Structures are given as C-alpha cells and as structure tokens.
Amino acid sequence: MAVKIKTSSGTIEISNEVIATVVGGAATDVFGVVGMASKNQIKDNINEILRKENFSRGVVVRQEENGIAVDVYTIVSYGTKISEVSRNVQEKVKYNLETMLGVVANSVNVFVQGVRVLPD
C-alpha cells in the first residue's frame, strides 16, 4: 500500500518502501543506535546488523485512518540509556516524516532487538 496525499494539482502517492527508507535513515542517525535489525531474525536467518542499504528491513509501516503507524527494530550501543535512545528515535522519525514527506506518524514504536559492544 501507499500513502496518498491529495493536493490542488493532483494526488501524490508515497510507497511504504520510501517511508521505510526515510524512517531507517532517521533512526540510524540517532546517537546510540548501532544499526537496524530484521523484525523476523529467525525467518530471515539474519543475526547481524543490517547494512545501510537495508534500512527498510528493520521498519514496518502500517496504514491507519488519519496517518501511519511505524515499528522500528534497532540495535543499540552498550552503555547508552535505552529509554533515551528510543525516545530520540521516536522524535527524529516523526520529525523527518513530517518535514520530508508530509506524512503524519500517529505512533512510532521502537523495538530494541539487541545491544552491541563497540570496539574502541
């Protein structure tokens, strides 16, 4: 499915893949986020951090009546406060969706799939 925005000049359709890429880019820009994780690690057989080209695999976009709901699956850095990192991800994702795409996110759910110790 896609988000449809009606303007005076016509209709704009934004695919879920584009939304997921914007969300993944915003999430990985937050300090403390090491990378994105797949929602179904067992099904996808992925136990490693997804690379930058796979932003959308760690994001689930659901359509709602007056906006969208977004689930973000992240891996955070050891030693960071998980609640603060998650809150920052929520704020940055909502801001980027509204400014870049003009899409309102009703909810941004952050799921921490793992904690990684980064080498010095």
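Residues numbered from 1 in each chain as written. Predicted model: local features only at pLDDT ≥ 70, side-chain atom pairs only at ≥ 80, totals over all residues. Heavy atoms only, no water.

As recorded by an unreviewed UniProt entry, the protein chain carries the name Alkaline-shock protein and is attributed to Candidatus Enterococcus willemsii. For the protein chain, the Sequence similarities (unreviewed entry) comment in UniProt is given as "Belongs to the asp23 family." (UniProt positions renumbered as here; feature names shortened; annotations may be inferred.)

Visitor: What is the right way to read helix 3 (residues 82-101) from this model?
Guide: Since the α-helix turns once every 3.6 residues, residues separated by three or four places project in the same direction. With 20 residues, helix 3 extends 28 Å between its outermost C-alpha atoms, agreeing within 8% with the 28 Å of an ideal straight helix rising 1.5 Å per residue. Within helix 3, the full set of buried residues consists of V85, S86, V89, V93, N96, L97 and L101. With its buried residues spanning 100° around the axis, helix 3 presents them on a single face. Looking at the packing, one finds that the buried side of helix 3 touches strand 1 (2-6), strand 2 (11-15), helix 1 (16-28), strand 3 (33-36), strand 5 (67-77) and strand 6 (105-116). The positive-phi residue at the C-terminal boundary of helix 3 is G102, with phi of around 70°. (Helix = DSSP H or I, 4+ residues; strand = E, 2+ residues; numbered from the N terminus. Expected span 1.5 Å × (residues − 1). Buried < 20%, exposed > 50% of the residue type's maximum accessible area, 1.4 Å probe, protein only. Arc of directions from axis to C-beta. Contact = heavy atoms within 4.5 Å.)

Visitor: Explanation requested: the environment of I19 in the structure shown.
Guide: Relative to the helices and strands, I19 resides in helix 1. Separated by 16 residues in sequence, I19 and V3 have C-alpha atoms that sit 9.0 Å apart. Once you skip the residues sitting within four places of it in the chain, I19 turns out to touch V3, I14, V61, I68, L97 and L101.

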